[in-house]
Amino acid sequence: MKNALILAGLLVLTSLAVFGQGYPTQPADALIFPIGEAGTVYEDMQLGVRGGTITVANIEDPKGWNNHTAHETSTTHFTNRMHRGLVNLDHISGAIVPDFAKGWEISDDGLVITFSLREGIKWSDGEPITADDVLFTYNDVILNEDVDTNARDSQLLPDGTYPLCEKVDDYTVTFTMSVIYRPALNALSFNIMPKHKLADSVHKLNPAVPAGTFNETWTLDTPLSELVGNGPWIVSDYQPNVSVTMTRNPYYYGYDPSGTQLPYYDTYVSAIVTNQDVSMLKFRNGETDVYLLRPEDIAILLPEGASKGFQILITDQPGYGTTWFMPNQDIGLAEGTDNEKRELYRNVKFREALAHTIDKETMIQNVLNGLGGPQWSPVSVPSPFYAGRDFYGGPITENNAITFEYDPAKAAGILDELGVIDADGDGWRDLPSGDPLTIEINSNDNTVRIGYCLILQDDWRAIGLNATFQVVDFNTLVNRLFGASGDVIQLGLTGGDEPNSGANVYRSCGSLHAYRYSACDEPDEIDARIDELLALGAGTFDLDEAFDYYTEYQQLISAQLGYINMVVRSFQYAYYDYVGNAFKSSPISTPGGNNGLLMELCFDNRL
Amino acid sequence: MKRNGLRALGLASCVVALFSLLSVAVDLNTIVANELIDEINLAAGLNLVDEYIANYTVEELEDLAVKGLTPGIKLAADRALFKLNGGLEPFIAMEDEDLLAKAIDGDMDAAEAYVFNTRVGLTKPQAVLDAIATAESVALEYAYGKVLGGFYGPGSPVGEKTEAELLELVASGSYGERIAAATALTTYWILNSDLDHVDVEREILAHTQTELGLAYQGFLTYLYSL
């Protein structure tokens, strides 16, 4: 593997020739990160030097290179490094800040946002980036029903329309909304794609290609020299099952205050590993530079950090994202099978029974090493809108959460009431008809998830549910999620501060409404109210009002138990001392994280 | 007995000098070839692994791992082979029952891999102590002890012990606890001690307790690496 990584690095050097030469001088409209500047959240960071390679490990190969058709982090991990949007999260504070846009203005009525774009900025192949690329990405990709993208859901306005994106001039675009949409800036962080490279694959722009062609564009079969981005990195080599290598984009527009173009590292290598244990060993052996450690890694790595020169950040900061399991309420729907099981899964009382079997305290203590807390809502715990309680030292919003205490006896009682009893005396509960009920829980090869699932499996079996846990690879799991072909799936979702960013998950027609896709065609009253609350919460600039809407939204979702929330772990990270600025790792960004934000500010301090 | 005999010889007659004390500059190859005190010899050997990989063929390493003239040479060659073969990765890919069988037979790498693969439940010191209590071999006790050392060492979110507690435990605990204390002491000293390699070599010479020696050996391994 090590030799393969070295080879990958060498290939990168040879592939530099495919890129342009970069800017002769720092562009006037460069994005400056105030590294080391007093009074900013960057003040304790160091100016870096360019050079070197940062190596991380990832589980699973990417499934393609197309950012807007990707549904899985194994792909977006790379595309998020290749593309940037008009706005972004501040790499350190997490606030919404300008990115490819150098600024914006919101009209007095709150309905028009005008973005000023950075002038003189180029794609990685040297072509200029203009308003046309923004319009192409928004109007022809994201809002194009022909394109299979997750990005569309979060653009939907409370009244069911989408913002109107228009070009004012080559470096000015406007988004006009029919109603107030407070999270507009969050939503407009979508990654910008190069029109000159991709327009021909969009059927509405080029009728010569069949509908859906864009969904098959920039696949793993695409020559890497075809990939063009505006982000800090460009994919320059891919060895299936071995590594993905990204090379600095010579035309990236991020700079430090001393005029050094970012990112500092020349090369980013992601080793593809079979599981997180191998990932951990690679970090431990010094083959990778950073590592998002798991609770069970701490005792092994702690004694070695001092001698090997790495640091371990152990914090009580809750991470973003959610962890859940979901009974597939559409199981067998497409095939016309599993009718009774599907009916059972659709019964909220059955899901309540399952919710009462989640031994969150044992999960936290035994799987998370005590470094975590319960999750009661679909909103990330660090979000100011989180309506949970008693997480990390006290109530956030007392009494707002809908909770299901761990009570196996209560769960068993509910199952009895539903007629889910052991009809044939074999020791396992059966469907009300008397047919056997078997449940397969799936997750991927992730020790934390395996830990959760084994606890779940044991508790379910203890009350007579014939449950078995099976590990499947991540991309298979994602396929089952999107294909509504799984039984019970345990997984997690990334999150953020703004609840509306989960609209693609919780809206009844959301592209990730995986627990019951059929809700899009057959929404019940609760589905309809959730859709409405998402719209209302997004439709007001009054944060208190939004909080109230989002509280009800969280309560309904928590009671509806589509995705049944489990626990969230606190933030822990490990990095070698020579990775400058890695100490700023946080739930917002890490050098190896999926948003790729902190990586461009890190450097090899041995150079 | 052999080791204590060497200590007695060295201390009583001053005939046997510590090679590492003879010069200010640390020549690891000289130490590993000549040093008579095991802990010092092994600490030097552990720092020569990459050099051995660079300078010896696999066949030569296999030969040295068995016939090396000192424990440090054998260890350096053995760990070089281990690293060349992918370290722990091929072990953790094995079935747990196979690893366990090897661990019961005394294979230290298999024991480490077995504990690694089954560590998900070992998220509290007591869970590790329970595992130590039922470990079926010294190799497994050692491997569990290393994990327990992580809980006892500096920075641990649960179970951190003071230096005094660790010094007491390293002399009085069960074998697994002594390994844990030694592991944690090494970390503690790396982070907090001002001793240099000469001081540590003297400490090794002055102590006979096996696991305390192991703790100093770990610290010395680090100091030699600087």
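Residues numbered from 1 in each chain as written. Chains lettered and ligands numbered in written order. Predicted model: local features only at pLDDT ≥ 70, side-chain atom pairs only at ≥ 80, totals over all residues. Heavy atoms only, no water.

## Focus on the sheet that holds strand 17 (residues 438-443) of chain A
Residues and elements named next belong to chain A.
- Taken in spatial order, the five strands line up as 18-17-19-15-20 in an open sheet, and their pairing is mixed. Here the strands that pair on one side only, and so sit at the sheet edges, are strand 18 (466-471) and strand 20 (564-565).
- When strand 15 (residues 322-327) meets strand 20, the two strands line up antiparallel, connected through two bridges. The residue of strand 20 that forms the bridge with Phe325 is Ile564. (Pairing = 2+ DSSP bridges. Helix = DSSP H or I, 4+ residues; strand = E, 2+ residues; numbered from the N terminus.)

## Some details on the pairing of strand 5 (residues 101-106) of chain A
All names here are of chain A.
- For strand 5 and strand 6 (residues 112-117), the ladder comprises five bridges, and the chain directions are antiparallel. The residue bridging Trp104 from the neighbouring strand is Phe115, located in strand 6.
- Counting the residues between successive antiparallel strands, the hairpin from strand 5 to strand 6 contains five residues, one of them, Gly110, with a positive phi of roughly 75°.

## Concerning the pattern of salt bridges
- For the coordinates displayed, the defined rule picks out 36 salt bridges over all chains.
- Lys167 of chain A is the salt-bridge partner of Asp132 of chain A, the closest N and O atoms lying 3.0 Å from each other. Remark: Lys167 of chain A occurs in strand 7 (residues 164-169) and Asp132 of chain A occurs in helix 3 (residues 131-142); sequence separation between them is 35 residues.
- One salt bridge connects Arg178 of chain B with Glu211 of chain B, and the closest N-O pair in it is separated by 2.8 Å. Of this pair, Arg178 of chain B sits in helix 13 (residues 175-192) while Glu211 of chain B sits in helix 15 (residues 210-225); the two residues are 33 residues apart in sequence, bridging distant segments of the chain. Exposure class is identical for Arg178 of chain B and Glu211 of chain B. Each is buried.
- Sharing partners across several salt bridges, the network here consists of Asp277, Arg294, Glu296 and Asp297 of chain A together with Arg119 of chain B. (Salt bridge = Lys/Arg side-chain N within 4 Å of Asp/Glu carboxyl O. Buried < 20%, exposed > 50% of the residue type's maximum accessible area, 1.4 Å probe, protein only.)

## With respect to the domain arrangement of chain B
Residues and elements named next belong to chain B.
- The domain boundaries assigned to chain B delineate domain 1 (1-86) and domain 2 (88-192).
- Counting from both sides, the interface comprises four residues of domain 1 and, opposite them, five residues of domain 2.
- Around 330 Å² of area is buried between domain 1 and domain 2 when both sides are counted, 47% of it from carbon and sulfur atoms.
- When the area that domain 1 buries against domain 2 is broken down by residue, the three leading residues are Arg79, Phe82 and Gly86, summing to 89%.
- At the boundary of domain 1 and domain 2, one finds one salt bridge.
- Put simply, domain 1 and domain 2 have three residue pairs in polar contact (both at pLDDT 80 or more) between them.
- Its residues placed into classes, the side of domain 1 that touches domain 2 shows one nonpolar, two polar and one charged. (Domains from an automatic or database assignment. Contact = heavy atoms within 4.5 Å. Buried area = accessible area lost by both parts, 1.4 Å probe. Polar contact = N/O pair within 3.5 Å; in protein donor to acceptor, adjacent residues only side chain to side chain. Nonpolar A, V, L, I, M, F, W, Y, C, P; charged D, E, K, R; others polar.)

## Looking at empty space enclosed by the protein
- Tallying each qualifying case throughout the model produces two cavities of 30 Å³ or more.
- Estimates place the volume of the largest cavity at around 90 Å³.
- Elements that contribute at least two residues to the lining of the largest cavity include exactly helix 16 (543-560) and strand 20 of chain A.
- By volume, the second largest cavity is sized at about 30 Å³.
- Along its surface, the second largest cavity is lined by Pro295, Glu296, Ala299 and Asn369 of chain A together with Arg119, Leu122, Thr123, Val147 and Phe151 of chain B. (1 Å grid on protein atoms, 1.4 Å probe; cavity = no way out; pocket = protein on both sides within 12 Å on 5 of 7 lines; lining within 4 Å. Points joined across faces, edges and corners; volume = space filled by probe spheres on them.)

## Notes on the sheet that holds strand 6 of chain A
Residue and element names in this part refer to chain A.
- What the four strands build is an open sheet, ordered 5-6-8-7; its pairing is antiparallel. Across the chains shown, the open sheet's two edge strands, defined by having one partner strand only, are strand 5 and strand 7. Within this sheet the neighbouring strands show an average axis-to-axis angle of 20°, counted without direction.
- Looking at chain direction, strand 7 and strand 8 (residues 172-176) are connected through five bridges and run antiparallel. Pairing of Asp169 across the sheet is with Thr172, part of strand 8.
- Across the sheet, helix 3 touches strand 6, strand 7 and strand 8, and the angle it forms with strand 7 is around 170°. (Axes fitted to C-alpha atoms, helices over the stretch in contact; angles between N-to-C directions.)

## Regarding the nonpolar core
Residue and element names in this part refer to chain A.
- Grouped together as the largest cluster of nonpolar side chains are 196 residues, with contacts concentrated most on Leu86, Phe115, Phe175 and Tyr563.
- Those residues in contact with Leu86 that lie beyond four places of it in its chain are Pro98, Asp99, Phe100, Ala101, Phe115, Leu117, Val134, Phe175, Leu188, Phe190 and Ile192.
- Residues Leu344, Tyr345, Ile364 and Phe404 belong to the second largest nonpolar core, which totals 39 residues. (Core = buried A, V, L, I, M, F, W, Y, C linked by side-chain atoms within 4.5 Å.)

## Structural notes on helix 6 (residues 71-84) of chain B
Residues and elements named next belong to chain B.
- Relative to the 20 Å expected for 14 residues at 1.5 Å per residue, helix 6 spans 20 Å between its end C-alpha atoms, a close match to the ideal helical length.
- For helix 6, the full list of buried residues reads Gly72, Ile73, Ala76, Ala77, Arg79, Ala80, Leu81 and Phe82.
- Looking at the buried side of helix 6, the elements it contacts are helix 2 (28-34), helix 3 (38-46), helix 4 (49-55), helix 5 (58-67), helix 7 (89-92) and helix 9 (108-117).
- Directly after helix 6, the chain includes Gly86, whose backbone phi takes a positive value near 100°. (Expected span 1.5 Å × (residues − 1).)

## Considering the interface of chain B and chain A
- Listed as interface residues are 26 residues of chain B and, on the opposing side, 26 residues of chain A.
- Between chain B and chain A, roughly 2,000 Å² of surface is buried when both sides are summed, and carbon and sulfur atoms account for 63% of that area.
- The largest share of the area that chain B buries against chain A comes from Glu89, Arg119 and Val120 of chain B, three residues that together contribute 27% of it.
- Connecting chain B to chain A are seven residue pairs in polar contact (both at pLDDT 80 or more).
- Secondary-structure elements contributing two or more residues to the side of chain B that touches chain A are helix 7, helix 9, helix 11 (138-152) and helix 13 of chain B.

## Looking at unusual backbone geometry
Residue and element names in this part refer to chain A.
- At the junction of Leu262 and Pro263, the peptide bond is cis and its omega measures out at 0° in the coordinates.
- Within the chain, Asp338 stands out as a residue other than glycine whose phi angle is a positive 55°.
- By secondary structure assignment, the location of Asp338 is in the loop between strand 15 and helix 8 (339-345).
- Its identity is not glycine, yet Asn369 carries a phi of approximately 60°, on the positive side.
- Tracing the sequence through the fold places Asn369 in the loop between helix 10 (360-367) and strand 16 (372-374).
- You can call Asn369 buried: its relative accessible area is 2%.

## Description of the environment of Asn67 of chain A
Residues and elements named next belong to chain A.
- For Asn67, the location among the structural elements is in the loop between strand 2 (53-59) and helix 2 (73-82).
- Distance in space between the C-alpha atoms of Asn67 and Glu498 is 21 Å, their sequence separation being 431 residues.
- Ignoring any residue separated from it by four or fewer positions in sequence, one finds Asn67 in contact with Thr79, Asn80, His83, Asn191 and Met193.
- Side chain to side chain, Asn67 and His68 meet in a polar contact 3.5 Å long.
- Polar side-chain contacts of Asn67 include one of 3.0 Å to the side chain of Asn191.

## Here's the deal with the confidence of the model for chain A
Residue and element names in this part refer to chain A.
- Chain-level pLDDT for chain A is 90 on average; 95% of the residues reach the 70-or-more range.
- The model gives residues 1-18 a pLDDT under 50, and that stretch makes 21 contacts with residues more than four places away or in other chains.
- Contacts from residues 389-398, a stretch scored under 50 in pLDDT, to residues over four places away or in other chains number 31 contacts. (pLDDT = per-residue confidence, 0-100.)

## Overview of the packing of aromatic side chains
- Counted according to the given criterion, the structure contains 33 aromatic pairs over all chains.
- Consider the rings of Tyr252 of chain A and Tyr253 of chain A, whose centres lie 5.0 Å apart with planes at 40°: the pair is tilted. Pair check on accessibility: Tyr252 of chain A and Tyr253 of chain A agree, each one buried.
- Ring plane angle 40° and centroid distance 6.2 Å describe the contact between Trp189 of chain B and Phe219 of chain B, whose orientation is recorded as tilted. One end of the pair, Trp189 of chain B, is in helix 13; the other, Phe219 of chain B, is in helix 15, with 30 residues separating them in the sequence.
- Look at Phe219 of chain B and you get buried, because its relative accessible area is 1%. (Phe/Tyr/Trp six-rings, centres within 6.5 Å; stacked < 30°, edge-to-face > 60°.)

## Some points on the domain arrangement of chain A
Residues and elements named next belong to chain A.
- Structurally, chain A comprises domain 1 (2-285 + 578-604) and domain 2 (322-569).
- The C-alpha centroid of domain 2 is placed 32 Å from the C-alpha centroid of domain 1.
- Contacts between domain 1 and domain 2 engage 23 residues on the former and 28 residues on the latter.
- When the buried area of domain 1 at its contact with domain 2 is split by residue, Glu60, Asp153 and Arg182 rank highest and sum to 31% of it.
- Where domain 1 touches domain 2, the interface holds one salt bridge.
- The shortest N-O distance in the salt bridge between Arg182 and Glu498 comes to 2.8 Å.
- On the surface where domain 1 and domain 2 come into contact, there are twelve residue pairs in polar contact (both at pLDDT 80 or more).
- Of all the secondary-structure elements, those providing two or more residues to the side of domain 1 that touches domain 2 are helix 2 and helix 6 (276-284).

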